[in-house]
Amino acid sequence: MTRKSLAEIAQRMRDIDIAMLSTKTQSGEIASRPMSNNSDVDYDGDSYFFTYASSQMVADISADDHVSLAFSVEPGLFSGGGLFIAVTGRAQAVRDKGLFAAHWTPDLDAWFEQGIDTPGLVMLHVRAVHIKYWEGEEEGEVDLAA
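What this report covers is the structure whose coordinates are included nearby. (Residues numbered from 1 in each chain as written. Predicted model: local features only at pLDDT ≥ 70, side-chain atom pairs only at ≥ 80, totals over all residues. Heavy atoms only, no water.)

### Concerning the nonpolar core
Next, step 1: Judged by nonpolar contacts, the single largest core of 26 residues is most densely connected at L21, L69, F71, I85, V87 and I131.
Next, step 2: Contributions of two or more residues to this core are made by α1 (6-13), β1 (18-24), α2 (56-63), β4 (66-73), β5 (83-94) and β6 (121-135).
Next, step 3: Ranked by residue count, the leading element in this core is β6, at six residues.
Next, step 4: Not counting residues up to four positions away in its chain, the partners in contact with I131 are L6, I9, Y43, I85, A86, V87, G140, E141, V142 and L144.
Next, step 5: Within the second largest apolar cluster, nine residues are counted, among which are Y48, F50, F100 and M123. (Core = buried A, V, L, I, M, F, W, Y, C linked by side-chain atoms within 4.5 Å. Buried < 20%, exposed > 50% of the residue type's maximum accessible area, 1.4 Å probe, protein only. Helix = DSSP H or I, 4+ residues; strand = E, 2+ residues; numbered from the N terminus. Contact = heavy atoms within 4.5 Å.)

Okay, structure coming up:
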């Protein structure tokens, strides 16, 4: 097993827009859904996603804040052997419009027509605890819990 720094992993994540965000439902099932990081990819272990407060995902996180994120780049001529990143962390729903503005991009206007003033808007903040990655033949992990 090799060791990459968080900065090295962040550099590789820059072009990955979609993550699968998984939560534990109140019935104990695992629910996953695709979420865009909105090009907010100066990754330091924190991820931000926008959604509605009324979503099942927010209810799941309110009951159990343990989540996972899965990122991937398919193997290919330019991407090499592919890249797969699994993040486990803790999530919280943020309702602070000042923080919304810090992570807002114009692309979000297509989903939330009133921008940061969209009724019921929340931002999910996922703080990574552990990252595991596979890149071609290489695999490793970064523990951020310390």
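Anyway, onward from the coordinates.
### Quick notes on the pairing of β4
Next, step 1: Here β1 runs beside β4; their pairing, made up of three bridges, is antiparallel. If you follow L21 over to β4, its bridge partner there is L69.
Next, step 2: Relative to β5, β4 runs antiparallel, the two sharing eight bridges. Among the inter-strand pairings, F71 is bridged to a residue of β5, identified as I85. (Pairing = 2+ DSSP bridges.)

All we've got here are geometric facts, nothing functional implied.
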